[in-house]
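# Summary of structural features
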Amino acid sequence: MLERLGWMSDEGRADEGLALGLLGSDAITVGDAPVTVGALFARDWQLLRDAGVLTSPTPQPPPVDTSPFAHAFPTVTAAPPPAVVAPPGEGARVLLARRFAKGDAAAVASLIASLAGVFDRSVVRVTSKPPALAKDAADAAMAHRRLPAERIVVVPTALGDTGVALVEVLAAP
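Residues numbered from 1 in each chain as written. Predicted model: local features only at pLDDT ≥ 70, side-chain atom pairs only at ≥ 80, totals over all residues. Heavy atoms only, no water.

## As for the overall build of the chain
Check the secondary structure of the chain and you find 6 helices and 6 strands. Considering only contacts within the chain whose residues lie at least 6 apart along the sequence, 77% involve residues at least 24 apart. Accessible surface for the chain amounts to roughly 10,200 Å². Of this, 59% is attributable to carbon and sulfur atoms. (Helix = DSSP H or I, 4+ residues; strand = E, 2+ residues; numbered from the N terminus. Contact = heavy atoms within 4.5 Å. Areas by Shrake-Rupley, 256 points an atom, 1.4 Å probe, with all protein chains shown as cover.)

Below is the structure:
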């Protein structure tokens, strides 16, 4: 786990400002909304409702107070440049893998973008059956999530049943 955390970088105050929704959004998106602390709160609340743990509706607006951050860091205005990503070598180690039993391109693209945002120094490898599912998901992640092409590797190998997709985060050499 510690090694995997080493493949993530802390962008500092700018990254925190993006998560709180205080800065412009070049961030990861879920659906059409940028991932912010408020969006994550609403999503978690909905998951707890779906699980039957909560019965009340999601509070609107989410109870997230950004004023302490804005007061503490009034000069934070932009995120730092993205980390340099080296292409994976032959036999690159897999840091994390997620398998979709029945994936669609939008769901796979969302996961690709999310993992690429968390592991910002790693490449994400996508394999699927049919192979067009991996290509469509990678194209969607690049087009709608502004993910650079060098961050995604599409493998033409087909997996088991139709609709199966495998998304892996690879350790750089």
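## Concerning the packing of helix H5 (residues 105-118) against helix H6 (residues 131-144)
Helix-helix packing is characterised by the crossing angle of the two axes and by the distance between the axes. At a minimum axis separation of 8 Å, H5 and H6 run at an interaxial angle of 55°. Here H5 lies oblique to H6, going by the angle between them. Like other packed secondary-structure pairs, H5 and H6 cross with a definite hand, here right-handed. Every residue of H6 that contacts H5 at Ala-105, Val-108, Ala-109 and Ile-112 is listed here: Leu-133, Asp-136, Ala-137, Ala-138, Ala-140 and Ala-141. (Axes fitted to C-alpha atoms, helices over the stretch in contact; angles between N-to-C directions. Parallel < 35°, antiparallel > 145°, perpendicular 65-115°, else oblique. Left-handed = near helix turned anticlockwise from the far one by under 90°.)

## Describing the nonpolar core
Counting 23 residues, the largest nonpolar core has Val-108, Ile-112, Val-126, Ile-152 and Val-167 as the members making the most contacts within it. Elements with a minimum of two residues in this core: strand E3 (94-100), H5, strand E4 (123-129), H6 and strand E6 (164-170). Beyond its immediate sequence surroundings of up to four residues, Val-126 is in contact with Val-108, Ile-112, Ala-134, Ile-152, Val-153, Val-154, Val-155 and Leu-166. (Core = buried A, V, L, I, M, F, W, Y, C linked by side-chain atoms within 4.5 Å. Buried < 20%, exposed > 50% of the residue type's maximum accessible area, 1.4 Å probe, protein only.)

## Observations concerning the pattern of salt bridges
Using the criterion set out here, one finds 2 salt bridges in the structure. Here Arg-125 and Glu-168 are joined by a salt bridge, their closest N and O atoms 2.7 Å apart. Of the two residues, Arg-125 sits in strand E4 while Glu-168 sits in strand E6, which places them 43 residues apart along the sequence. On the basis of relative accessible area, Arg-125 is assigned to the partly exposed category, the value being 21%. Measuring nitrogen to oxygen at the nearest pair gives 2.8 Å for the salt bridge that ties Lys-135 to Asp-139. Residue Lys-135 and its partner Asp-139 are both found in helix H6; the two are separated by 4 residues, about one turn of the helix. The exposure class assigned to Lys-135 is partly exposed, which follows from its relative accessible area of 47%. (Salt bridge = Lys/Arg side-chain N within 4 Å of Asp/Glu carboxyl O.)

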